[in-house]
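# Per-entry structural report
This is what each chain is made of:
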Amino acid sequence: MQRRAFLTHFGTGLAALAASRPALAQSTPQGLSLAELRGSTSALDFDVRPGALDNQSAAFQRMLDETARRGIPVFLPAGVYVVSNIKLPDGAIVAGVPGRTQLVYGGDGHFLSGQALQQVRLSGLIVDGANRWTGAGTDGLVDLRGVTDATLEDLTIRGAGRDGIHLERCGGRVADCAISGAARFGLFAVESSGLTIRDNRIEACANGGIIVHRWSEAHDGTIIANNRIADIGAANGGTGQWGNAINLFRADDVLVTGNRIEGAAFSAVRGNAARGLQVIGNSCRALGETAIYSEFGFENAIVADNIIDGAANGISVTNFNEGGRAATVSGNVIRNIVASGPYTPDAPGFGTGIGIEADTTVTGNMIEGAALFGINVGWGPYLRDCVISSNVIRDVRIGIGVSDAPGAGQALISANVIAARNGAIRAHRWAELSSGELVGARRGVPENIVLANNRIA
């Protein structure tokens, strides 16, 4: 195609595209703006053509290298492109027609990767791994390592033989993407710096949805907001290291907010040794184990204003024996907590709405329908300075259980309204109940427990 004829054809196509997608005419996060597209070049200029019968990897790589060197975006017209072993150069900006431009992995190595780059931007592409394994040294269909500003927007990523997106030591954002069918994780990010993960749809991944890890505990600061996550399995088994919609490990100061999570083999949000974790305003349904977990060596967690409907435990803020301490659990609605889970648990078993141990305030929560405790405070000697106040607890076996085992610290329990089958507030020593009903009791209240103004409904 002659250059002048192509420009005429391309300009006409852009006008039609702008008419069908009005948002494209503005500089928005979803894809390139119309102004940017007008400054781009087409893949056709580099003899990269949709629907070609052969693998176009060599021509595709030359196209990316040349356009990045010249500092211009490249536009991929609608159609199918079979490529593999593509190394994204620094400054690569690639845009397609959302839902119609499809890159298919040709096998024999890796798909799209980049290392030690300042900037990469991909948008409007279907990235199809064809359920093929990638070779050694890459873990994702899109695999970026050491990229300062990685922008992945409006991508459809499917059929990954391992991870859909794998980011290592990257900043930037992953937004408005649809990720499904990953054999390991939908999105794995390790050692991130200023990363935002928002407004994505992640479904049917075999071992996890969004995973944010660090090699050693440190500030991370990732924002995970407004994603929809569903049907997350635990194909590798275990007792919680797999099967989580959102999993954080050693990553401090992460915000998890506004996500809609339905169907995970284990947790909706699981923070392991993650300090400064905020889990706020998420909707969590149909979880196989504990819906929201802050565990092991965490500090300063906030778990607030979440809705949990259906899990083996609701919220667990525990592991004082491993240094886990300091949390606020407030304003949550927790329903339908059952006694069965994905493995045989240690005592006291599944079925607790909220479990806490050290330096924690639990206030203003609504718990309805729990097979065991509405709220469980401490375990053996692992209890210190907890406040449980102004909660409404209904349809549970025991409203509030609190440890009075030797070595247990103090708990203040006040102004709760409780409807329970086997006692509103009762003490326990490990797995054994050690008191009768404590609400209104004139004697027999353990010295480490202070009660005030609680009511039996």
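So, here is what we can say about the structure in this document. (Residues numbered from 1 in each chain as written. Predicted model: local features only at pLDDT ≥ 70, side-chain atom pairs only at ≥ 80, totals over all residues. Heavy atoms only, no water.)

### Considering the overall build of the protein chain
Looking only at helices and strands, one finds 3 helices and 42 strands in the protein chain. Along the three orthogonal principal directions, the C-alpha set of the protein chain runs to about 95 × 45 × 30 Å. For the protein chain, with 457 residues in total, the buried portion stands at 56%. Of the contacts formed within the protein chain by residues at least 6 apart in sequence, a portion of 61% connects residues at least 24 apart. (Helix = DSSP H or I, 4+ residues; strand = E, 2+ residues; numbered from the N terminus. Buried < 20%, exposed > 50% of the residue type's maximum accessible area, 1.4 Å probe, protein only. Contact = heavy atoms within 4.5 Å.)

### Things to note about the nonpolar core
Within the largest apolar cluster, 101 residues are counted, with the highest numbers of intra-cluster contacts made by Leu122 and Val377. Of all the elements, strand β9 (residues 140-153) adds the most residues to this core, at 6 residues. Residues within four places of Leu122 in sequence aside, it is in contact with Leu88, Val94, Leu112, Val142, Thr151, Leu152, Glu153 and Leu155. (Core = buried A, V, L, I, M, F, W, Y, C linked by side-chain atoms within 4.5 Å.)

### Digging into the packing of aromatic side chains
If you walk through the whole model with that rule in mind, you get 6 aromatic pairs. Ring geometry for Phe266 and Tyr343: centres 6.2 Å apart, planes at 15 degrees, overall stacked. On the criterion of sequence distance, the pair formed by Phe266 in the loop between β22 (260-264) and β23 (269-272) and Tyr343 in the loop between β31 (333-337) and β32 (352-356) is long-range, its members being 77 residues apart. A relative accessible area of 3% places Phe266 in the buried class. Tyr343 sits in the partly exposed class, given a relative accessible area of 26%. Of the aromatic side chains, those joined through ring pairs into one cluster are Phe185, Phe188 and Trp242. Here Arg184 stacks its cationic end above the ring of Phe188, 5.1 Å away from the centre of that ring. (Phe/Tyr/Trp six-rings, centres within 6.5 Å; stacked < 30°, edge-to-face > 60°. Lys NZ or Arg CZ within 6 Å of the ring centre and 35° of its normal.)

### Topic: the side chain of Asp128
With respect to the helices and strands, Asp128 occurs in strand β8 (residues 126-128). A polar contact of 3.4 Å, which involves the side chain of Asp128, links it to the side chain of Gln102. Contact partners of Asp128, with chain neighbours within four places excluded, come to Gln102, Leu103, Val104, Tyr105, Phe111, Leu141 and Arg158. (Polar contact = N/O pair within 3.5 Å; in protein donor to acceptor, adjacent residues only side chain to side chain.)

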